[in-house]
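As a plain string of letters, each chain reads:
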Amino acid sequence: MLPASWQDVLGAELEKPYFRELTAFVEEERARGPVYPPRDEVFAALEATPYDRVRVLVLGQDPYHGAGQGHGLCFSVRPGVRVPPSLRNIFKELNDELGCPVPDNGYLMPWAEQGVLLLNAVLTVRAGEANSHKNKGWEQFTDAVIQAVDARPDPVVFVLWGNYAQKKLRLIDTARHAVVHGAHPSPLSAKKFFGSRPFTQINRAVEAQGHPPVDWCIPGLAD
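Residues numbered from 1 in each chain as written. Predicted model: local features only at pLDDT ≥ 70, side-chain atom pairs only at ≥ 80, totals over all residues. Heavy atoms only, no water.

A. Structural context of helix α4 (residues 85-98). The terminal C-alpha atoms of α4 lie 20 Å apart, and with 14 residues this matches the ideal 20 Å at 1.5 Å per residue to within 8%. Among the residues of α4, those classed as buried are Ser86, Leu87, Asn89, Ile90, Phe91, Glu93, Leu94 and Glu97. At its buried positions, α4 is contacted by α5 (109-112), β5 (157-161), α8 (190-193) and α9 (198-208). Note on α4: the residue one or two positions beyond its end, Gly99, has a positive phi of about 80°. (Helix = DSSP H or I, 4+ residues; strand = E, 2+ residues; numbered from the N terminus. Expected span 1.5 Å × (residues − 1). Buried < 20%, exposed > 50% of the residue type's maximum accessible area, 1.4 Å probe, protein only. Contact = heavy atoms within 4.5 Å.)

So, in structure tokens, the structure goes:
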């Protein structure tokens with residue numbers, strides 16, 4: 001179910017033919033086998049970061065497709081789940097750039113609770129098959145999310161890592177909003193990601209917009 005804070009700006013999307021077809025497709029997929037994230041976590045990113053609290057939007061591609069990994073926030077995994085390679089690289093950059101200790105978990109909810117919307121462009125995936133729900137309608141819905149954030153009166157910071165995310169630049173009014181873009185933290189492009197100091201760039205833009213900086217350091221499970 002769409003969280004209440006997003007209902008006014010996104011509710012109409014759920015009534016459109018494409019979304020009904022998308023819903024039917026995902027339900028058929030769930031009937032055949034595991035689909036991630038679970039049904040009640042598909043809109044977890046919107047639940048964790050209400051519409052009026054978004055300060056930063058980080059755009060991912062699609063959920064992790066391993067068992068127990070995807071839980072609705074891009075790049076994040078729940079405590080106790082092994083940290084995937086892209087997120088390990090994010091933590092390495094945070095350690096090098098800001099001195100954040102590398103945490104013992106990959107749970108990014110502390111970012112979401114500070115107004116960082118961790119949005120994937122595609123919100124579901126078939127177990128073991130990356131991009132298996134691509135081009136089924138999710139992109140139209142998440143484009144509407146991006147456009148809703150773009151339409152807010154308060155400027156935000158859009159974070160576009162990699163070529164896929166940077167294609168969404170066309171949806172953003174760059175005269176009003178800040179955009180931080182660069183290489184994706186994937187192992188395939190990590191050499192370009194390391195040293196790019198994205199978190200310093202984001203916080204500089206957030207502060208220029210009149211907000212306190214984001215605390216990017218993730219606490220350990222024992223903290």
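B. Structural context of the side chain of Lys168. Among the secondary structure elements, Lys168 is positioned in the loop between α7 (162-166) and β6 (178-182). Lys168 sits in the buried class, given a relative accessible area of 7%. Of the polar contacts made by the side chain of Lys168, one reaches the side chain of Asp143; its length is 2.8 Å. Not counting chain neighbours up to four residues away, the residues in contact with Lys168 comprise Leu59, Glu139, Asp143 and Ile146. (Polar contact = N/O pair within 3.5 Å; in protein donor to acceptor, adjacent residues only side chain to side chain.)

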